[in-house]
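# Structural features, examined
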Amino acid sequence: MADTLPSEFDVIVIGTGLPESIIAAACSRSGQRVLHVDSRSYYGGNWASFSFSGLLSWLKEYQENSDIVNDSPVWQYHILENEEAIALSRKDKTIQHVEVFCYASQDLHEDVEEAGALQKNHALVTSTNSTEAADSACLPTEDESLSTVSCEMLIEQTPSSDPESALEVNGAEVTGEKENHSDDKTCVPSTSAEEMSDNVPIAEDTTEQPKKNKITYSQIIKEGRRFNIDLVSKLLYSRGLLIDLLIKSNVSRYAEFKNITRILAFRDGRVEQVPCSRADVFNSKQLSMVEKRMLMKFLTFCMEYEKFPDEYKGYEEITFCEYLKTQKLTPNLQYIVLHSIAMTSQTASSTIDGLKATKNFLHCLGRYGNTPFLFPLYGQGELPQCFCRMCAVFGGIYCLRHSVQCLVVDKESRKCKAIIDQFGQRIISKHFLVEDSYFSENTCSRVQYRQISRAVLITDRSVLKTDSDQQISVLTVPAEEPGTFAVRVIELCSSTMTCMKGTYLVHLTCTSSKTAREDLEPVVQKLFIPYTEVEIENEQVEKPRILWALYFNMRDSSDISRSCYNDLPSNVYVCSGPDCGLGNDNAVKQSRSKEHFPSILQKDLNL
């Protein structure tokens, strides 16, 4: 492939995460020549989504990556006397402390068609027998992108400066200002399943599924293509920066979304639904009439709190939790506002932070449904691919499994002038965007990273059973001990195209204080029980049963100052990986930051 690559570009982007993909699309659309490379075999980096077999392959790659020994660099022979090199890392050190557990029973009489099955209750990462590469998102070439987009275009190609482009909500066209559509599905045109990546599950059929209490690990393996498992768990605020960007750039035509159907709370060992909208509040049976009036009065104030500075000016130095205690709210209402509406820290969030978060939550209500959140069908990994597709449509060149050995820096000007890839080819460019994980330890020796604790569970039922088994829920479990953090739980049903019918995919996320398992297992034990043969016969079990579980820690490189990296040339820009936040605002802000990318973004990039 290296022999066919042009030798010069305007922008070279290394890494296919969400921020890099947004910037690559913007540069390509503005007419710049873009080369977008990734050493991984899949799009998205730590933003990727995998089928079940793809996730097993990713685990295998993780283990093999930890065994890499850095050989003597061959790129040294390509560096001239007036140049120096910044070596890039061959190891991905962003994932740590991976532990896998399988609780589902295995029917030894069934043949497992896909390799990579883990042994029952296996607690450590082991090498799988799968020889196929991780089957995560692979986008078509530029020509394919132009020819395979769904024929029915609900969104016309409009100037990117128009922020009020329309999305279609169940056939009813709405602009960004229309509200109170309570249906739970938000649709925009998308490519067909055959045109998407290998990890997109086949369309759901009506064949009879096994009973919930008889799901085996062999069945999960066989239905593995129905899973789309996110490495990072996030939602989209319906009026957030990413939704506005998707509409404005017309990238939304490549994606499809569903509403989060309910917000949950965990109190006194029980999970209960939280009222969000005005109708929910007045229809709620868990709130007294007095509490309903108190809550509506406070939420009305939060929507326009800037107009009433006297109401909060004296409380700016205290936490939002303490501020709520001064607002004549019952303990029940304080809990709901803090953990299920503002979703802020009990100890670290200031009064202003809490008011802003509450206003943002309320501002997003009703645009596309009864909650503020949307979730992309087929998983979070679809979003980087959407922007990569746009970049390819406008001429960007993509190379997966293509590693960059080093950046070449001119000693006199102290600017980066080229890269040297795995084949020894020198490729010249004006600007270079590099995802943080590609930098070596020498470059990052002064960087202090945070960590994110993640868990992914496959369960047999919802945490809160209702008449409908197609609920998409978000739940915050508050921290109980000093030094720990609240845990965010997102539960996805099969209609999100992320799990097989009869199961739920549950994501748990928090800021790390220990290993992922140590941080998250206490919450897992409160909400779920392991699937065991004994429990199969017990139909009175109230908690969902865990069929399979994965724990891991992920590096959080957000909010790292550029000055922390050693000797970066002025035309090399750093993109961070996923942060721990619920939304995607940090990724969008990076793509718009003239402080990070002043030379590239000095022109209008049409995003």
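One can find the structure itself at the top, above this paragraph.
In short, a report on the structure. No experiment lies behind these values; they were computed from the predicted model shown.

## As for the overall build of the protein
- Helices and strands together make up the secondary structure of the protein, namely 14 helices and 25 strands.
- Considering only contacts within the protein whose residues lie at least 6 apart along the sequence, 75% involve residues at least 24 apart.
- Accessible surface computed for the protein: about 25800 Å², of which carbon and sulfur atoms make up 48%.

## What about the pattern of salt bridges?
- Taken as a whole and assessed by the stated rule, the structure comprises 24 salt bridges.
- Across the salt bridge formed by Arg 461 and Asp 460, the nearest N and O atoms sit 3.8 Å from each other.
- Taking the shortest distance from any N to any O, the salt bridge between Lys 526 and Glu 480 comes out at 2.6 Å. Here Lys 526 is found in helix α12 (residues 516-527), whereas its partner Glu 480 is found in the loop between β20 (473-477) and β21 (487-492), with 46 residues between them in sequence.
- A network of salt bridges, in which partner residues are shared, links Asp 10, Arg 33 and Lys 430.

## Thoughts on unusual backbone geometry
- If you check the backbone angles, His 97 has positive phi at about 55° while not being a glycine.
- Structurally, the position occupied by His 97 is in strand β5 (residues 95-102).
- A residue is classified by how much of its surface remains accessible, and His 97, at 41% relative accessible area, is partly exposed.
- One non-glycine residue, Met 343, lies in the positive phi region at around 55°.
- Classification of Met 343 by relative accessible area gives partly exposed; the value is 22%.

## Side note on empty space enclosed by the protein
- In total, this model carries 5 cavities of 30 Å³ or more according to the counting rule given.
- In this structure, the largest cavity spans a volume of roughly 100 Å³.
- Forming the boundary of the largest cavity are 16 residues, of which Asn 46, Glu 435, Ser 437, Gly 577 and Pro 578 lie nearest the centre.

## As for the nonpolar core
- Judged by nonpolar contacts, the single largest core of 102 residues is most densely connected at Phe 52, Phe 298 and Leu 508.
- Aside from chain neighbours lying at most four places away, what touches Phe 52 is Tyr 217, Ile 220, Ile 221, Gly 224, Phe 227, Ile 229, Ile 458 and Trp 548.
- In terms of nonpolar packing, the next biggest core, distinct from the first, is built from 39 residues, Tyr 43, Leu 242, Tyr 398 and Val 588 among them.

## Some thoughts on the pairing of strand β13 (residues 270-274)
- Relative to β13, strand β12 (residues 262-267) runs antiparallel, the two sharing 5 bridges. Looking at β13, one finds that Arg 267 is bridged to Arg 270.
- Here β12 folds back onto β13, and the loop between the two strands holds 2 residues, one of which, Asp 268, carries a positive phi near 55°.

## Description of helix α7 (residues 289-303)
- With 15 residues, α7 extends 21 Å between its outermost C-alpha atoms, agreeing within 8% with the 21 Å of an ideal straight helix rising 1.5 Å per residue.
- Among the structural elements, α6 (278-283), α8 (320-325), α9 (331-341) and α10 (351-364) are those in contact with the buried residues of α7.

## Comments concerning the packing of aromatic side chains
- Counted according to the given criterion, the structure contains 17 aromatic pairs.
- Directly above the ring of Tyr 254 sits Arg 389, whose terminal nitrogen or CZ lies 5.5 Å from the centroid.
- In this arrangement the basic side chain of Arg 555 is found over the ring face of Tyr 449, its NZ or CZ atom lying 4.0 Å from the centre.

## A closer look at the packing of α9 against α10
- Packing of α9 against α10 leaves a shortest axis separation of 10 Å and a crossing angle of 75°. When the interaxial angle is binned, α9 and α10 end up roughly perpendicular. Seen from α9, the contacting residues are Val 337, Ser 340 and Ile 341; seen from α10, they are Ala 357, Thr 358 and Phe 361.
- In the contact of α9 with α10, the residues fall into 4 nonpolar, 2 polar and no charged.

## A few points about the side chain of His 36
- For His 36, the location among the structural elements is in strand β2 (residues 34-37).
- Here Tyr 398 takes part through its side chain, which lies 3.1 Å from a polar atom of the side chain of His 36.
- Contacts of His 36, omitting those with residues within four sequence positions, involve Val 13, Gly 15, Thr 16, Glu 20, Ser 21, Ala 24, Cys 388, Ile 397, Tyr 398 and Cys 399.

## Overview of the environment of Ile 318
- Secondary-structure assignment places Ile 318 in the loop between α7 and α8.
- Along the chain, Ile 318 and Ala 348 lie 30 residues apart, while their C-alpha atoms are 9.4 Å from each other.
- Other than its neighbours up to four places away in sequence, Ile 318 contacts Tyr 323, Ser 350 and Thr 351.

The rules behind these values
Residues numbered from 1 in each chain as written. Predicted model: local features only at pLDDT ≥ 70, side-chain atom pairs only at ≥ 80, totals over all residues. Heavy atoms only, no water. Helix = DSSP H or I, 4+ residues; strand = E, 2+ residues; numbered from the N terminus. Contact = heavy atoms within 4.5 Å. Areas by Shrake-Rupley, 256 points an atom, 1.4 Å probe, with all protein chains shown as cover. Salt bridge = Lys/Arg side-chain N within 4 Å of Asp/Glu carboxyl O. Buried < 20%, exposed > 50% of the residue type's maximum accessible area, 1.4 Å probe, protein only. 1 Å grid on protein atoms, 1.4 Å probe; cavity = no way out; pocket = protein on both sides within 12 Å on 5 of 7 lines; lining within 4 Å. Points joined across faces, edges and corners; volume = space filled by probe spheres on them. Core = buried A, V, L, I, M, F, W, Y, C linked by side-chain atoms within 4.5 Å. Pairing = 2+ DSSP bridges. Expected span 1.5 Å × (residues − 1). Phe/Tyr/Trp six-rings, centres within 6.5 Å; stacked < 30°, edge-to-face > 60°. Lys NZ or Arg CZ within 6 Å of the ring centre and 35° of its normal. Axes fitted to C-alpha atoms, helices over the stretch in contact; angles between N-to-C directions. Parallel < 35°, antiparallel > 145°, perpendicular 65-115°, else oblique. Nonpolar A, V, L, I, M, F, W, Y, C, P; charged D, E, K, R; others polar. Polar contact = N/O pair within 3.5 Å; in protein donor to acceptor, adjacent residues only side chain to side chain.

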